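# Residue-level structural notes
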Amino acid sequence: QILSLGAGFDSLYFRLKDAGLLSHTVVCEVDFPNVAYQKAALIKGIKELFSLVGDAGGEELGAIAFSGKDYKLLGVDLSELSKLEKALQEAGLDNEIPTLFLAEVVLTYMENSRSDALIQWAAEHFSQACFVLYEQMHPEDPFGHVMQQHFSQLNSTLHSLAQYPDHETQRRRFLQKGWSECSVMDMNEFFTFCVPEDEQQRVQALEPFDEYEEWHLKCSHYFVLTAAKGMKPSWTPLLLNMGVPCGDGPVRVSESITVSACGMHSEAAGLRRYGHRSALIKPNVILTTGGFGEEDGQHRRMRNFHVLIKHEGCWKAGHVKKENGGKICDGRLYHTVSCLSNSLALMVGGRTSPSSAAVGMLWLKFPESSTALDSHDFTVELVDLHTVAEPAVLRWRHSATEVMFRGEKYLFIYGGRTATQPVLWDWHFLHAEELSCSVIPVEGPVPEGRHSHSACTWRGGVLIAGGLGAAEQPLGSVFFLRKIEHGFQWQTVEMHPPLVPRYSHTAHVHEEKLLLVGGVWFHSSSVPGITVIDLMTGLCTDYMISVEHLEWPLMLHNHSSVFLPDEKELLLIGGGGNCFSFGTHLNAEPVSLNLSNILTSH
């Protein structure tokens, strides 16, 4: 028997019956009476559905909204167990044969005392039973707050979250209510270990997709639980499929760093964006370009530039003017901006939509003098570029890092993705003046392809950290592209303890230390803060970011960050994303972290 609780208008029975998978099995669905009778009317009115069910000739009275030979549809409030038990008896369910209970985001809408009673009742009344539960968890991290806000706006409170916020509390819940076996997986683990590889590839190829962060965050906030009692042999499907957990134990956190808002909420509207880039183009001047965000009360691709100017210790928004009314930016996302002089920056790659080809290069020209900064006016001129290097830079979620070779300046373009290639493995040396690609020898084992990684200049070479790999799994490797006499050489950076795999983070180097900021990882029990890697010793230390003084959930992915080494100040700009389930969340304003304590303690 399959007993589907809160089945709604689910078509599971009809799909299984049509596929010939329901021999010797009865499916019984339960939902509120008005839902059950609406569904019954639909089944009777659609010839294909009605012919699959067949007419058992039984009466449809009281709680029984529809009765077929192997399909029963009951209209009962699940919280009224005596009425449920009576309706199941009238429908002919047998308590002594193997029974599978399904509850897909159902119990969490009930008061905990009532859902607990239902779980216990199922264990007590069925001698051979299995239970599959799917619902939300981890309400207290930033994505969890956004998730809760969404359901609150729908007047659908998630009752389970307060008392059963994670894997372990849900597992204990079932074991205490009479179930003898219970295992839990979050949906990242489920997709990785339980979904066959060909099905993963089929889903990934359905449509152009570029919202990895929201997909993985949502999956880390939903779980599948399986429980069993009286089954011979024992029924533990999740344990049979479990590989190495995506989040292998708690993250080691040394201490926390307090974040503070920059106090410029009214001026920060243009910085509520994600997938953008920010660059320090002059001392105390930060230019932010592109991304998707909020402008004039609407969500759109951001075509306007934004400048932040630090004046008397405070960050203020400046006014960006386009030269001679100039060209408007194309609103690209996931590009790079490299400041090549005090009056010139190069914008490389990016995309406008996941299905379109990536966009190429733009020069950003701004005045050399700082006199205009006193009035907080800033002029930017855009210049389109069409060069022979164009194919090499048609990518997004890549990195572009400045290196010198034989007295010439290059941008090392690495990784990323395109509309047709989900992960790129290649790299190019783009000559900073000629804007053509040069062949420079590179030795050593080639790193695994990746996008959404970080890249920093260090000792004349490049540090590449993390990223999302070809299997859509976060990577925990750090590579150093070391400068040698006749070119460069890839080397692996050994770390202890190992770096927790992540992507969509930012990174900076300060005095032989690599700082990784935020990102997304598969540890559903916590969110990434700041990781400090000592490049001399390999020591890897994680720090939590305390957000107790902020009035909004701080999303540390799809953001940009700028590090000011003299003040040891880290400025986080923008961040967030567009979740297909819970809508768009954008960080309200830039926030600042003082890293003096953690950088002097190493």
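Note: the structure precedes this text.
Residues numbered from 1 in each chain as written. Predicted model: local features only at pLDDT ≥ 70, side-chain atom pairs only at ≥ 80, totals over all residues. Heavy atoms only, no water.

## With respect to the overall build of the chain
The secondary structure content of the chain amounts to 14 helices and 38 strands. Computed over the C-alpha atoms, the radius of gyration of the chain is 28 Å, within 12% of the 25 Å expected from 2.2 N^0.38 for a compact globule of 602 residues. With the C-alpha coordinates aligned to their principal axes, the bounding extent of the chain is approximately 85 × 50 × 45 Å. Classification of the 602 residues of the chain by burial places 54% in the buried group. Of all intrachain contacts in the chain linking residues separated by at least 6 positions in sequence, the fraction that spans at least 24 positions is 65%. (Helix = DSSP H or I, 4+ residues; strand = E, 2+ residues; numbered from the N terminus. Rg over C-alpha atoms; globule rule 2.2 N^0.38 Å. Buried < 20%, exposed > 50% of the residue type's maximum accessible area, 1.4 Å probe, protein only. Contact = heavy atoms within 4.5 Å.)

## So, the pairing of strand E33 (residues 540–546)
Judged by how many residues are buried, E33 sits mostly within the fold: six of seven residues are covered. Bridge analysis of strand E32 (residues 530–534) against E33 gives four bridges, and the strand direction is antiparallel. What sits directly across from Thr531, in E33, is Asp542. Here E32 folds back onto E33, and the loop between the two strands holds five residues, one of which, Gly538, carries a positive phi near 85°. (Pairing = 2+ DSSP bridges.)

## Section: the environment of Gly467
Among the secondary structure elements, Gly467 is positioned in the loop between strand E27 (461–465) and strand E28 (478–484). Judged by relative accessible area, Gly467 falls into the buried class, the value being 0%. A C-alpha to C-alpha distance of 8.5 Å links Gly467 and Ser477, two positions 10 residues apart in sequence. The contact partners of Gly467, leaving out residues within four places of it in the chain, are His451, Ser452, His453, Gln473, Pro474, Leu475, Arg502, Tyr503 and His505.

## Let's talk about the side chain of Asn587
Along the chain, Asn587 falls in the loop between strand E37 (583–586) and strand E38 (591–594). Since its relative accessible area comes to 2%, Asn587 is described here as buried. Here Met555 takes part through its backbone oxygen, which lies 2.8 Å from a polar atom of the side chain of Asn587. The contact partners of Asn587, leaving out residues within four places of it in the chain, are Arg272, Trp552, Pro553, Leu554, Met555, Gly574, Gly575 and Gly576. (Polar contact = N/O pair within 3.5 Å; in protein donor to acceptor, adjacent residues only side chain to side chain.)

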